[in-house]
Amino acid sequence: MEKENLSVVLHSQGDLRLVLLQMHSVGICGSDVHYWQNGRIGDFVVKKPMVLGHEAAGRVVKVGSAVKNLKEGDRVAVEPGVPREMDEFFKSGNYNLSPTIFFCATPPDDGNLCRFYKHSANFCYKLPDNVTYEEGALIEPLSVGIHACRRAGVTLGSSVLICGAGPIGLVCLLVAKAMGASQVVISDLSADRLVMAKELGADFPLTVKREDGPEELAKRVEGMLEAQPHITIECTGVESSVQTAIYATRPGGVVVLVGLGAAMTTIPLLNAALREVDIRGVFRYCNTWPMAIAMLASKKVNVAPLVTHRFPLEQAVQAFETTRQGQGVKIMLKCDKTDQNP
């Protein structure tokens, strides 16, 4: 992408509120790898070449004439979902549910894993001086954790089970603790990921084996907490893990489904219904960037340990392969040749 070409767009009709960004740090998400490997996620099908990347931060290099909130040189985090119309979802504050929303790296919309990228100024958020570009890029996954914990109703004294200690499970852990959860159990197949979870504040890491039964695992969770958790946040999408989430949650509790699995999943629905366990979905996030920035700036939440690998943009294929193989936690691509710092 050429800076000169993009800067012309900023002055075209209807594009007066855009900014041109020099991208700095872009994280690789599991969805990026899934599109790379499979060419689709559910009904979102890649039909033409598409730029990947939606976990991003960069520097403003040019602003449209109607932009008032940003100036050249500002360091910003990019919220990748921008409503295209003022529909009922936009008006109610649930713009993430708008069926026509623009979203980076979701077909047919291009992402921001590139040198220069233009975006709506209203969805670029200035970073405080004590928040790095990489932390700014990690606001995107952190936002999934914030939205999930809001949907779950995490509050002071909540006991929480988190299924899955990948990047999303770990940010859910960080947010749950910041919102006042008193005890958090987090489960995973990987012992290494559970070690990191413990370092990030998990009270009870739970190692899972593939042959473990959902009801058996639910009993183990209850034994650790000496009670069933108020809330379970399911981050794997695996059918047996969703079943565990329902069995484990106390009567009147909440299960939040964050992980994306098979289109059709068998669950113990009657068990949930008879115990009034609410099952709630999560689709991305909305209205989370200001809270996430405040969490990072205040140092109440530390996402820096999540970044385990860094690659220059020229080594993108190697970075994607590292992610595909499940190495590390969060892989970060560095897009600014002149600045390779975090």
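Structure: above.
Keep in mind that this is a model prediction, so the values were computed, not measured. (Residues numbered from 1 in each chain as written. Predicted model: local features only at pLDDT ≥ 70, side-chain atom pairs only at ≥ 80, totals over all residues. Heavy atoms only, no water.)

Brief notes about the packing of helix H5 (residues 139-152) against helix H11 (residues 289-297)
If you want to describe how two helices pack, look at the angle between their axes and the distance between the axes.
Link 1 in the chain: At a closest axis distance of 9 Å, the pairing of H5 and H11 adopts a crossing angle of 110°. What the angle tells us is that H5 and H11 run roughly perpendicular. For the pair H5 and H11, the contacting residues are Ile139, Glu140, Leu142, Ser143, Ile146 and Arg150 in the first and Trp289, Met291, Ala292, Ile293, Met295 and Leu296 in the second.
Link 2 in the chain: Looking at the contact of H5 with H11, its residues break down into 9 nonpolar, 1 polar and 2 charged. (Axes fitted to C-alpha atoms, helices over the stretch in contact; angles between N-to-C directions. Helix = DSSP H or I, 4+ residues; strand = E, 2+ residues; numbered from the N terminus. Parallel < 35°, antiparallel > 145°, perpendicular 65-115°, else oblique. Contact = heavy atoms within 4.5 Å. Nonpolar A, V, L, I, M, F, W, Y, C, P; charged D, E, K, R; others polar.)

A few points about the pairing of strand S11 (residues 183-188)
Link 1 in the chain: Summarising burial for S11: 5 of the 6 residues are buried, a large majority.
Link 2 in the chain: Relative to S11, strand S10 (residues 159-163) runs parallel, the two being bridged by 5 bridges. Looking across to S11, one finds that Leu161 is bridged to Val185.
Link 3 in the chain: The parallel pair S10 and S11, bridged by helix H6 (residues 167-178), forms a crossover whose chirality is right-handed.
Link 4 in the chain: As paired strands, S11 and strand S12 (residues 204-207) are joined by 4 bridges and run parallel to one another. Each bridged residue has a counterpart across the sheet, and for Ser187 the counterpart in S12 is Leu206.
Link 5 in the chain: A crossover links S11 with its parallel partner S12, the connecting element being helix H7 (residues 191-199), and its sense is right-handed. (Buried < 20%, exposed > 50% of the residue type's maximum accessible area, 1.4 Å probe, protein only. Pairing = 2+ DSSP bridges. Right-handed = clockwise from strand over helix to strand, strands pointing away.)

Details of empty space enclosed by the protein
Link 1 in the chain: Evaluation of the coordinates by the stated rule reveals 1 cavity of 30 Å³ or more.
Link 2 in the chain: Taken as a whole, the largest cavity spans an internal volume of roughly 30 Å³.
Link 3 in the chain: Forming the walls of the largest cavity are Glu79, Gly81, Tyr95, Asn96, Ile101, Phe103, Arg284 and Tyr285. (1 Å grid on protein atoms, 1.4 Å probe; cavity = no way out; pocket = protein on both sides within 12 Å on 5 of 7 lines; lining within 4 Å. Points joined across faces, edges and corners; volume = space filled by probe spheres on them.)

With respect to the packing of aromatic side chains
Given two aromatic rings, their pairing is described by the distance between the two centres and the angle made by the two planes.
Link 1 in the chain: Scanning all chains against the criterion turns up 5 aromatic pairs.
Link 2 in the chain: Ring centres of Trp36 and Phe320 lie 5.6 Å apart, and the angle between their planes is 80°; this geometry places the pair in the edge-to-face category. Of this pair, Trp36 sits in helix H2 (residues 30-38) while Phe320 sits in helix H12 (residues 316-324); the two residues are 284 residues apart in sequence, bridging distant segments of the chain.
Link 3 in the chain: An angle of 80° between the planes, with centres 5.8 Å apart, marks the rings of Tyr95 and Phe123 as edge-to-face. Note that Tyr95 is positioned in the loop between helix H3 (88-91) and strand S7 (102-103) and Phe123 in the loop between strand S8 (116-120) and strand S9 (124-126), a separation of 28 residues in sequence. Pair check on accessibility: Tyr95 and Phe123 agree, each one buried.
Link 4 in the chain: Note that Arg75 overlies the ring of Tyr133, its terminal NZ or CZ placed 4.8 Å from the centroid.
Link 5 in the chain: Sitting above the plane of the Phe103 ring, Arg284 keeps its charged end 3.7 Å from the centroid. (Phe/Tyr/Trp six-rings, centres within 6.5 Å; stacked < 30°, edge-to-face > 60°. Lys NZ or Arg CZ within 6 Å of the ring centre and 35° of its normal.)

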